[in-house]
Amino acid sequence: MTIIVKFFLSVFVVLCFNPSAFAEGLTIMDSWARPVIIEGRPGAAYFIIKNDTGMDDKLLKATSPYAARIELHVHKHDGGVMKMMQVPSIPVAAHAITSVSPGGYHLMMFDLNKKLALGDELPLTLTFEQAGVINISAKILKKAPFQK
Ligand SMILES: [Cu+2]
């Protein structure tokens, strides 16, 4: 087997067994959500969007069977005060990464019909303008999976 064939085979294997969700060159990585132990409290979900395409894209909508409503939010510094506001979409430029993470963009989930305990999985359906629908499962964690 030539080196090149081996290379393509290994890429194929990586793509097949990578647990992150991807569609049309858009990859969602490191998805997680905060625990919600008290009923009625809103939840927050985070992930990293990697756009390997040559086209700008944007997250337009998120839904979950566990939440009546999910809003796209951003945190902004405004006169020394951290404010949270709803945004119509979350952009991810061509060949770029957008981090949906604490202190920045996040998904805010309202009227959860289920407590989110550590270790649980939260199914999320993300709709992008270009890439379409991507289904992910966010792990309930205290902090981002890449944080030590
Ligand atoms: Cu929020």
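To start, this report covers the structure provided alongside it. Every chain is numbered on its own, with residues counted from 1 as its sequence reads. For a predicted model such as this one, the threshold for reporting local features is a pLDDT of at least 70, and the threshold for listing and counting side-chain atom pairs is 80 or more; totals across whole chains, interfaces and linings nevertheless cover every residue.

**Description of the overall build of the protein chain**
The cut-off we apply is this: A run of DSSP states H or I qualifies as a helix once it reaches four residues; a run of E qualifies as a strand once it reaches two. Both are numbered from the N-terminal end. Here a residue counts as buried when 20 or more other C-beta atoms sit within 10 Å of its C-beta, as exposed when there are 12 or fewer, and as partly exposed otherwise, the C-beta atoms being derived from the backbone.
A count of helices and strands for the protein chain gives one helix and eleven strands. Ordered by position in the sequence, the α and β elements of the protein chain form the string α-β-β-β-β-β-β-β-β-β-β-β. The buried share among the 148 residues of the protein chain stands at 26%.

**Considerations on the nonpolar core**
Formally: Here, a nonpolar core denotes buried Ala, Val, Leu, Ile, Met, Phe, Trp, Tyr and Cys residues that are linked to one another through C-beta atoms within 7 Å. Residue pairs are scored as contacts if the distance between their C-beta atoms, which are placed from the backbone, is within 7 Å.
In this structure, A45, L126 and A138 are the most contacted members of the largest nonpolar core, which totals 30 residues. Put simply, the parts of the chain that give this core at least two residues each are strand 2 (26–33), strand 3 (43–51), strand 4 (57–63), strand 5 (67–78), strand 7 (90–92), strand 9 (106–112), strand 10 (121–128) and strand 11 (132–140). With residues near it in sequence (within four places) discarded, A138 still touches S31, W32, A33, A45, F47, L122 and L124.

**Notes on the pairing of strand 10**
So the rule is basically this: For two strands to pair, DSSP has to find at least two bridges joining them.
Side chains of strand 10 alternate between two faces, with L122, L124, L126 and F128 buried and E121, P123, T125 and T127 left unburied. Where strand 10 meets strand 11, eight bridges bridge the pair, whose relative direction is antiparallel. Along strand 11, the bridge assignment pairs L124 with I136. The hairpin turn running from strand 10 into strand 11, its antiparallel successor, is three residues long.

**Observations regarding the environment of I49**
Looking at the element boundaries, I49 is found in strand 3. A tally of 25 C-beta atoms within 10 Å means that I49 is categorised as buried. For the pair I49 and A93, spaced 44 residues apart in sequence, the C-alpha to C-alpha distance is 9.9 Å.

**With respect to the environment of G40**
Here G40 is to be found in the loop between strand 2 and strand 3. Counting along the chain gives 74 residues from G40 to K114, while the straight-line C-alpha distance between them is 9.5 Å.

**Here we look at the environment of L116**
When you line up the elements, L116 lands in the loop between strand 9 and strand 10. By the C-beta count within 10 Å, which is 22 here, L116 ends up buried. Expressed as a C-alpha distance, the spacing of L116 and Y66, which sit 50 residues apart in the sequence, is 9.3 Å. Apart from the residues lying within four places of it in its own chain, the contact partners of L116 are A33, P35, V36, G43, L122 and I140.

**Overview of unusual backbone geometry**
One non-glycine residue with positive phi stands out, namely H95, at about 55°. Mapping H95 onto the fold places it in the loop between strand 7 and strand 8 (97–100). For H95, a count of 13 C-beta atoms within 10 Å puts it in the partly exposed group. The phi dihedral of D111 falls on the positive side, at around 55°, and the residue is not glycine. With respect to the helices and strands, the residue D111 is situated in strand 9. Look at D111 and you get exposed, because 12 C-beta atoms sit within 10 Å.

These results come straight from atomic positions and should not be treated as a statement about function.
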